[in-house]
Amino acid sequence: MDFSRLPVPELEDSIRRYMAAQKPLLGDSEYRKTEKLAKAFKNGIGKELHKNLIELDKKNFHTSYITGPWLDTYLSSRDPIVLNFNPFITFKRDPQESYNDQLVRATNLTVSAIKFLNSLRSRILEPDIYYVNPQWSKSKAFKRFLSFLPTSVSWYGAYFAEAYPLDMSQYVHLFNSCRVPKQGKDELFSDHGARHLLVMRNGHFYVFDILDPIGNILHPYEIQAHLINILQDEETVAEYPLGYLTTENRNTWAAVREQLLQAGNEESVYKIDSAIFCLCLDSFRVENSSHLSHCMLHGYGYNRWFDKSFSLIITVDGSAGINFEHSWGDGVAVLRFVNEVYADSTKHPAVVPRGTAATLCSTNVEKLQFHLNASIQSAVTVARQKFDKQRHKMTVKPFEFRKFGKQYVIQERMSPDAIFQLACQVAAYRQFGKIVPTYESCSTAGFKHGRTETIRSATVYTKRCAQAFIRDRKKYSAQELRKLIESCSKYHKFLQMEAALGQGFDRHLFALRYLAESRGDPVPEFYRDPAYQYINYNILSTSTLSSSSVFLGGFGPVVPDGFGIGYNIYDYWLGCNITSYMERDLDEFLLDLEGSLNDFFDVFQGRSLK
Ligand code: BUJ
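What counts, and at which threshold
Residues numbered from 1 in each chain as written. Predicted model: local features only at pLDDT ≥ 70, side-chain atom pairs only at ≥ 80, totals over all residues. Heavy atoms only, no water. Helix = DSSP H or I, 4+ residues; strand = E, 2+ residues; numbered from the N terminus. Buried < 20%, exposed > 50% of the residue type's maximum accessible area, 1.4 Å probe, protein only. Contact = heavy atoms within 4.5 Å. Axes fitted to C-alpha atoms, helices over the stretch in contact; angles between N-to-C directions. Parallel < 35°, antiparallel > 145°, perpendicular 65-115°, else oblique. Left-handed = near helix turned anticlockwise from the far one by under 90°. Nonpolar A, V, L, I, M, F, W, Y, C, P; charged D, E, K, R; others polar. Pairing = 2+ DSSP bridges. pLDDT = per-residue confidence, 0-100. Phe/Tyr/Trp six-rings, centres within 6.5 Å; stacked < 30°, edge-to-face > 60°. Lys NZ or Arg CZ within 6 Å of the ring centre and 35° of its normal. Core = buried A, V, L, I, M, F, W, Y, C linked by side-chain atoms within 4.5 Å. Near = heavy atom within 4 Å. Polar contact = N/O pair within 3.5 Å; in protein donor to acceptor, adjacent residues only side chain to side chain. Areas by Shrake-Rupley, 256 points an atom, 1.4 Å probe, with all protein chains shown as cover. Domains from an automatic or database assignment.

(A) Broad picture of the environment of Arg354. Mapped onto the elements, Arg354 comes out in the loop between helix H12 (331-347) and strand S11 (366-367). Spatially, the C-alpha atoms of Arg354 and Gly318 are 15 Å apart, while their sequence positions differ by 36 residues.

(B) Highlighting the environment of Ile230. Relative to the helices and strands, Ile230 resides in helix H9 (residues 220-231). The class of Ile230 is buried, set by a relative accessible area of 0%. Sequence separation between Ile230 and Leu281 is 51 residues; the distance between their C-alpha atoms is 9.2 Å. Residues within four places of Ile230 in sequence aside, it is in contact with Val199, Arg201, Tyr206, Phe208 and Val365.

(C) Structural detail: the packing of helix H15 (residues 416-432) against helix H16 (residues 460-471). Look at H15 against H16: their axes get within 9 Å of each other, and the N-to-C directions meet at 55°. As far as their axial angle goes, H16 and H15 are oblique. Seen from above, H15 lies across H16 with right-handed handedness. Listed contacts from H16 to Leu422, Gln425, Val426, Tyr429 and Arg430 of H15 are Thr462, Cys465, Ala466, Gln467, Phe469, Ile470 and Arg471. Residue composition of the contact of H15 with H16, grouped by class: seven nonpolar, three polar and two charged.

(D) Region of the structure containing the sheet that holds strand S8 (residues 278-281). Spatially, eight strands are ordered S11-S7-S6-S8-S9-S10-S1-S16 in an open sheet, and the strand pairing comes out mixed. The outermost strands of the open sheet, each flanked by one partner alone, are S11 and strand S16 (550-554). The pairing of strand S9 (residues 310-314) with strand S10 (residues 320-324) spans five bridges and is antiparallel. Bridged to Ser311 within S10 is Asn323. Across the sheet, helix H11 (residues 289-297) touches strand S1 (88-91), S9, S10 and S16, and the angle it forms with S16 is around 60°.

(E) Representation of the confidence of the model for the protein in the model. Here the protein averages 93 in pLDDT, and 91% of its residues register 70 or above. A low-confidence stretch, residues 149-157 (pLDDT under 50), is modelled with 17 contacts involving residues beyond four sequence positions or located in other chains. The ipTM assigned to the predicted complex is 0.99, against a pTM of 0.94.

(F) Structural view of the sheet that holds strand S12 (residues 395-401). Spatial ordering of the open sheet is given by S12-S18-S17-S15-S13-S14, a layout of six strands whose pairing is mixed. The open sheet is flanked by S12 and strand S14 (452-455), the only strands paired with a single partner. With strand direction ignored, the average angle separating the axes of adjacent strands in the sheet is 25°. Judged from the three bridges that link them, strand S13 (residues 438-443) and strand S15 (residues 540-544) form a sheet pairing that is parallel. By the bridge assignment for S15, Glu440 is matched with Thr542.

(G) Broad picture of the packing of aromatic side chains. Under the definition given, this model contains 38 aromatic pairs. Note on Phe41 and Tyr527: the rings are 5.5 Å apart at their centroids and 80° apart in plane angle, and the pair reads as edge-to-face. Note that Phe41 is positioned in helix H2 (residues 28-43) and Tyr527 in helix H19 (residues 525-528), a separation of 486 residues in sequence. Ring centres of Tyr461 and Tyr491 lie 4.9 Å apart, and the angle between their planes is 50°; this geometry places the pair in the tilted category. Here the residue Tyr461 occupies a position in helix H16, and Tyr491 occupies one in helix H17 (residues 478-500), the gap between them amounting to 30 residues. An aromatic cluster of at least three residues, connected via ring pairs, comprises Tyr18, Phe41, Phe505, Phe526, Tyr527 and Tyr532. In this structure, Arg5 is placed above the aromatic ring of Phe61, and the distance from its NZ or CZ to the ring centre is 4.7 Å. The side chain of Arg402 reaches across the aromatic face of Trp573, ending 4.0 Å from its centre.

(H) A look at the nonpolar core. Ranked by size, the top nonpolar core spans 79 residues in total, and within it Phe404, Ile485, Leu509, Ile565, Phe589 and Leu593 carry the most contacts. Dropping the residues within four chain positions of it, Phe589 is found in contact with Cys424, Ala427, Ala428, Gln431, Leu540, Phe563, Ile565 and Ile578. Judged by nonpolar contacts, the second largest core, of 46 residues, contains Ala113, Tyr206, Leu279 and Tyr342.

(I) Representation of the site of the ligand within the structure. Around the ligand lies a shell of 24 residues, among which His326, Tyr439, Ser441, Thr452 and Ser543 are the nearest. Separating an oxygen atom of the ligand from a side-chain N or O atom of Thr452 is a distance of 2.6 Å. The protein chains hide 94% of the 730 Å² of surface that the ligand would expose on its own. Of all the secondary structure elements, the ones that give two or more residues to the shell around the ligand are S12, S13, S15, S16, strand S17 (563-569) and strand S18 (574-580). Residues of the shell around the ligand, tallied by class, amount to 12 nonpolar, 10 polar and two charged. Two domains each provide a minimum of three residues to the shell around the ligand, namely domain 1 (11-73 + 395-605) and domain 2 (84-124 + 171-393).

Now the structure itself:
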């Protein structure tokens, strides 16, 4: 598949877009100051950096201008990856309830995941196609239309037909991979020759070969027999569960890892790092949606290895989800994996409840042993204390709104995503009395080695609209309010398209700064502007996905006083799952969000506000 390259936007355009995004956040005099700095940057050091970035990009035709710097930024962060970076996505339950037994589900999901791995290895996975309008874009006419376009522009053709092939290069890190902590900057490690699965249970580590030397998967009942063996092993939690170390500050963890290696644990550590993936068999039942989110986002620490590219987590009641390390890849790649694994495991389950596994004997499971000296033991204890404190501060709450969903909003000729984003803007305005910096993640996987771009959902239009709904509530008729909503929707759709086409401003400005820093130049004044820092202090960090295999998903806030908002707009309702370190503020935000959506519904129905 020939992909277009991610464009480096014109500097003029990035500065113009940046200033437009700053407008709703700044007062007049601050805005003028920032404008001055932006102008000086554009005509001075920025111009030079931009020229150098273009030159560099031309020399690196095999990739995109953002790939290296973006990965580097992830790997250089010293913050713990759990809560700060790793997101989660949970599967819906298997529609046949008896298949939700922990053992049956673990076997079926594992087999389907390995089938995905084998399709990747034999290169028979079709390129990921992102369909916005499936009826049209899956049609023969569409495929004919694409075939007439030269390959270099076919992606644009696909974009306008609302379907496009996605870059699949991230999949090299999906299996057999792990983030390895190092002083200053972590590394990604992969060993595609390894054939074993890592299973965690009560903080203990087990491995067994799940592929034979030529890559064939074990018989599903053999896999199940191994899992039975593991489930029947120790009921007690490991005395020093090493998984806690992966919740640490990265430099701290890097130092302890060195000690672990020096204490004679190389082989066991290597087996963890190189395992195909990590299967976490938890030993409790999930009580409700909030508990499920906590379990998948951070768990209790002891039964996780957060550095693995992904972990498949399954609880006693058969709730299942994926927690993934973010540096190697983005939501789109993981979502495709989740969709295929869910479909395969429910349509073609490898084992049935009450199958024949119990009669097979399992002798090939190895329980990993570790030599832990006093210093490593105390590092685990400290990591555990810090992690426990942090996880107790985290609140996650799901929210559902049932009065309308995608179909209704489309019928009103507006964008469902824009309406949800606007509801967040109005809710935040009600709560904070101002517009706050907002980040919406947008995939640029339509381009070779594309990652993400930011949609800046806080705009002059949403500010005007929020003021009308909150501050000047009684001044507007339903018709006038509708017009305001429409203008937000139109502009948001435009920003969304720009971002998907690699025409945002965030990644470009980020890459210019990265270039200056990597040359050892002083950080240009433009970036030292408090307004630049402020727009990047995202109180609302948002991301959406659309899938019929996903039940819940989420990620932590990116600032201590912010919200992490994962949402999905379904045909007839919409829902979100919000994380925060401030429970009371979160409750207030949820009430405000509901209030905003109710207001929009009244306006759509032609009723004036109460
Ligand atoms: O933007 C980026 O570069 C990556 C972002 C970073 N951040 C999370 C900070 C925005 N990463 C992603 O967007 C990946 C997120 C993957 C999980 C998304 C979950 C959303 C699903 C929620 C479904 C909620 C349904 C609730 C029903 C009650």
